[in-house]
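Below, each chain spelled out in residue letters.
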Amino acid sequence: MIFVQSTCVPLPIENVDTDQIIPARFLKATSREGFGQNLFRDWRYLPAVSGAATTPNPDFVLNNSLYSGQILVAGKNFGCGSSREHAAWALGDHGFKVVISSFFADIFKDNALNNNLLPLKVEEHFLQQLFEHIFADPNTLVTIDLENQQVQIEKSGLATTFDITPYKKTCLLKGYDDIDYLLSKSADTLQFERKQYKYYQAYA
């Protein structure tokens, strides 16, 4: 089952921390909406002499019209630093459904999965091949088959598998949060309770 098939946005920078993903000064809101406009804010805009920075940085990838898509391809150790969940919110609000890297900080990984954003870990050599294909052709399509846990570079046919816990896999495939998942098990829970009640009645 295809989870995402998209072009990619390349960010070949290692050790991208959560303060770079969404600077602390933008954490005042409590809802998840609106954070995408400040994703990578200090990289997306040139420093301002006075007031807020509003001039796009032409050298930053999000301002490059060649690159777009629902997949962010990032360097090693993405999401390190603080535990702010807002980093996952900002990426999702911008339109990313998948982040591919060779290593993720554990807390960021959990926050991403809890917000229907897939942190997809691949081997370093595959990551570098992916960067090469994207830079050679920004229209390169990448397919994420979540059911079979496979990522494929369509143009070349290069593919690799990735790991994900069965629980989070189900949540991503069905668009569940933790509460949705529990509600989806209500029928099974009721059936179990009825069996337990019958057992109790038989031996009471």
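Our subject is the structure listed above.
Here is a short report on the structure shown in this document. Keep in mind the model is a prediction, meaning the values are calculated, not measured.

1. Comments concerning the pairing of strand β5 (residues 118-121)
Okay, so step 1: Judged from the four bridges that link them, strand β4 (residues 98-101) and β5 form a sheet pairing that is parallel. Looking at β5, one finds that S101 is bridged to K121.
Okay, so step 2: Considered for its hand, the β-α-β crossover made up of β4, helix α4 (residues 106-114) and β5 is right-handed.

2. Points about helix α5 (residues 124-136)
Okay, so step 1: Under the 1.5 Å per step criterion, the end-to-end length of α5 is 18 Å for 13 residues, consistent within 8% with the ideal 18 Å.
Okay, so step 2: Residues of α5 that are buried make contact with β2 (8-11), β3 (71-74), β4, β6 (142-145), β7 (150-153) and β8 (159-161).

3. Description of the packing of aromatic side chains
Between two aromatic rings, the relevant description is the distance of the centres plus the angle of the planes.
Okay, so step 1: Taken as a whole and assessed by the stated rule, the structure comprises nine aromatic pairs.
Okay, so step 2: Residues F40 and W43 carry aromatic rings whose centres are separated by 5.7 Å and whose planes lie at 5 degrees to one another, so their mutual orientation is stacked.
Okay, so step 3: Looking at F40, the relative accessible area reads 1%, which means it is buried.
Okay, so step 4: Owing to a relative accessible area of 22%, W43 belongs among the partly exposed residues under this scheme.
Okay, so step 5: Relative to F104, the ring of F78 has its centre 6.4 Å away and its plane inclined at 85 degrees; by these criteria the two rings are edge-to-face. Highlighted residues: F78 in the loop between β3 and α3 (86-94) and F104 in the loop between β4 and α4, separated in sequence by 26 residues.

Rules used throughout
Residues numbered from 1 in each chain as written. Predicted model: local features only at pLDDT ≥ 70, side-chain atom pairs only at ≥ 80, totals over all residues. Heavy atoms only, no water. Pairing = 2+ DSSP bridges. Helix = DSSP H or I, 4+ residues; strand = E, 2+ residues; numbered from the N terminus. Right-handed = clockwise from strand over helix to strand, strands pointing away. Expected span 1.5 Å × (residues − 1). Contact = heavy atoms within 4.5 Å. Phe/Tyr/Trp six-rings, centres within 6.5 Å; stacked < 30°, edge-to-face > 60°. Buried < 20%, exposed > 50% of the residue type's maximum accessible area, 1.4 Å probe, protein only.

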